[in-house]
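# Residue-level structure breakdown
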Amino acid sequence: QQFQQQPPPQQQPQQPQQPKPIEHAMASMSLEPKTHGTVVPAENFDAEADASALRKAMKGIGTDEKALIAVLAHRSAEQRRKIALTFKTMYGKDLEKNIKSEVSGHFEDVLVGLLYDNAQFNARCLRRAMKGAGTDERALIEIVCTHNNAEIKRIEAAYTELYSRNLEKDIRSETSGHFKRLLVSCVQGNREESTAVDMEKARREAEELFKAGEKRWGTDESKFNQIIALRSYPQLRATFEEYRKVSGFDILKTIDHEMSGNLKEAFRAVVMCVNNRPQYFADRLYKSMHGAGTDDETLVRIIVNRSEIDLVEIKQCFFDTYQKSLSKRISGDTSGDYKRVLQAIVGE
């Protein structure tokens, strides 16, 4: 009988340990869910044939825009780089300059953007956002706050290579206050990358965020910066879950209550990328085409930038959220070759 009474005490400790599987599930979460681009490397790729087709499309009077789209929108960045080099080798002409002399407007922006790899393209967008009078803070947020460590390092290197300038220094001179501090934190490319989740730390830091925001008069932005800029994505997911339990609020709601302007948008961008990066870009695309006029710069930047990374998932999020395909939405907001090239990249 004594032996039969042993199991219950052993089973009871199992009850409080139920969160354990969740901890393990979170711990095994990868830093980045697997995503897919709409643009993939072309099979049976032939740089010489493509260079020849582009030359033919631009030679003589008039331009065959459809031929330009057929090649450039359906090759990977690496393949396009090889085409540009082969083009210069075969004809002694620079492909980018040749394209710029043949086409114009937003269609030109897309085609030229496609000639650069992801890091170079982002570096160009950052320079454009900070050059001359005024600063495009939304472009800074969209690039600096949404990339992982390795991507940030590559963008920083490309920025220096293209412009002989220091990205952090330029950001410091173009921004101010807590907004500047968050961007500088992000541009270090030094976020923790462990996939292990410390639930005790998640609870403690959720409480600290609560005390820094909803629980006090005014906001301790530094505390938000410290936790949100440093911790790994899996750790932050656990912290945000705990935050909801502690405060009764979703962390995004708190950011909306406690912050404003560019700082609010920057924190929202980081948090949305922690939770669901494609959703962040789907929302940005929607806003770029919503209301009067189209924010073409944002539209081009996101479509070109994400085409080989996660545009498949962005399209799905767009459709699920706005009940309209991204391609149809683009069709209603753009026209001509500009519309055709965007739709070629996005796919149906």
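A brief structural summary. (Residues numbered from 1 in each chain as written. Predicted model: local features only at pLDDT ≥ 70, side-chain atom pairs only at ≥ 80, totals over all residues. Heavy atoms only, no water.)

Under the defined criterion, the tally for this structure stands at eight aromatic pairs. Residues Tyr286 and Phe318 carry aromatic rings whose centres are separated by 6.4 Å and whose planes lie at 55° to one another, so their mutual orientation is tilted. With Tyr286 in helix H18 (residues 261–289) and Phe318 in helix H20 (residues 311–322), this pair connects stretches of sequence that are 32 residues apart. Phe318 shares its class with Tyr286; the two are buried. Put simply, the rings of Tyr286, Phe318 and Tyr322 touch in pairs and so form one group of aromatic residues. (Phe/Tyr/Trp six-rings, centres within 6.5 Å; stacked < 30°, edge-to-face > 60°. Helix = DSSP H or I, 4+ residues; strand = E, 2+ residues; numbered from the N terminus. Buried < 20%, exposed > 50% of the residue type's maximum accessible area, 1.4 Å probe, protein only.)

Between helix H13 (residues 177–187) and helix H15 (residues 221–230), whose axes approach to 10 Å, the crossing angle comes to 15°. If you check the angle between H13 and H15, you find them roughly parallel. Along this stretch, H13 crosses H15, giving a crossing that reads as right-handed. Listed contacts from H15 to His178, Arg181, Leu182 and Ser185 of H13 are Glu221, Ser222, Asn225 and Ala229. (Axes fitted to C-alpha atoms, helices over the stretch in contact; angles between N-to-C directions. Parallel < 35°, antiparallel > 145°, perpendicular 65-115°, else oblique. Left-handed = near helix turned anticlockwise from the far one by under 90°. Contact = heavy atoms within 4.5 Å.)

All chains considered together, the criterion is met by 22 salt bridges. Residues Arg172 and Glu168 are paired through a salt bridge, measuring 3.0 Å at the closest nitrogen-oxygen approach. Taken together, the residues span about one helical turn, with Arg172 and Glu168 both in helix H12 (residues 167–174) at a distance of four residues. Among the residues examined, Arg172 registers a relative accessible area of 40% and is labelled partly exposed. A salt bridge links Arg203 to Glu200, with the shortest nitrogen-to-oxygen separation between them at 3.4 Å. With a gap of three residues between them, Arg203 and Glu200 both fall in helix H14 (residues 199–212), about one helical turn apart. Among the residues examined, Arg203 registers a relative accessible area of 33% and is labelled partly exposed. Each of Glu200, Arg203, Glu242 and Lys245 takes part in a single network of salt bridges with overlapping partners. (Salt bridge = Lys/Arg side-chain N within 4 Å of Asp/Glu carboxyl O.)

Those residues of helix H8 (residues 105–113) that fall on the buried side of the exposure criterion are Phe107, Glu108, Val110, Leu111, Val112 and Gly113. On its buried face, H8 is in contact with helix H5 (65–72), helix H7 (95–102), helix H9 (118–130), helix H19 (296–306) and helix H22 (336–346).

With that out of the way, let us pick up the packing of H18 against helix H21 (residues 326–333). Direction vectors running N to C along H18 and H21 enclose 20°, while the axes themselves pass 10 Å from each other. One finds that H18 runs roughly parallel with respect to H21. Crossing of H18 over H21 shows left-handed handedness. When H18 is examined against H21, the residues Leu285, Tyr286 and Met289 are found in contact with a partner set consisting of Leu326, Arg329, Ile330 and Asp333. Among the residues forming the contact of H18 with H21, the class breakdown is five nonpolar, no polar and two charged. (Nonpolar A, V, L, I, M, F, W, Y, C, P; charged D, E, K, R; others polar.)

This part takes up the side chain of Glu142. Here Glu142 lies in helix H10 (residues 137–144). Judged by relative accessible area, Glu142 falls into the buried class, the value being 1%. Contact partners of Glu142, with chain neighbours within four places excluded, come to Tyr280, Phe281, Arg284, Thr298, Arg301 and Ile302.

Another aspect to go through is H15. When you tally the buried positions in H15, you get seven out of 10 residues, the bulk of the element. For H15, the elements touching its buried residues are H13, H14, helix H16 (233–247), helix H17 (251–258) and H18.

Tracing the chain through its elements places Glu102 in helix H7. Residue class for Glu102 comes out partly exposed when judged on its relative accessible area of 26%. Between the C-alpha atom of Glu102 and that of Ile61, which follows or precedes it by 41 residues, the distance is 9.8 Å. Every residue in contact with Glu102, bar those within four places of it in the chain, is listed here: Met58, Gly62 and Thr63.

Moving on to the state of the cysteines. One pass over the full model with this rule turns up zero disulfides. Here Cys273 stays free of any disulfide, with the sulfur of Cys145 as its closest cysteine sulfur at 8.3 Å. (Disulfide = S-S within 2.5 Å.)

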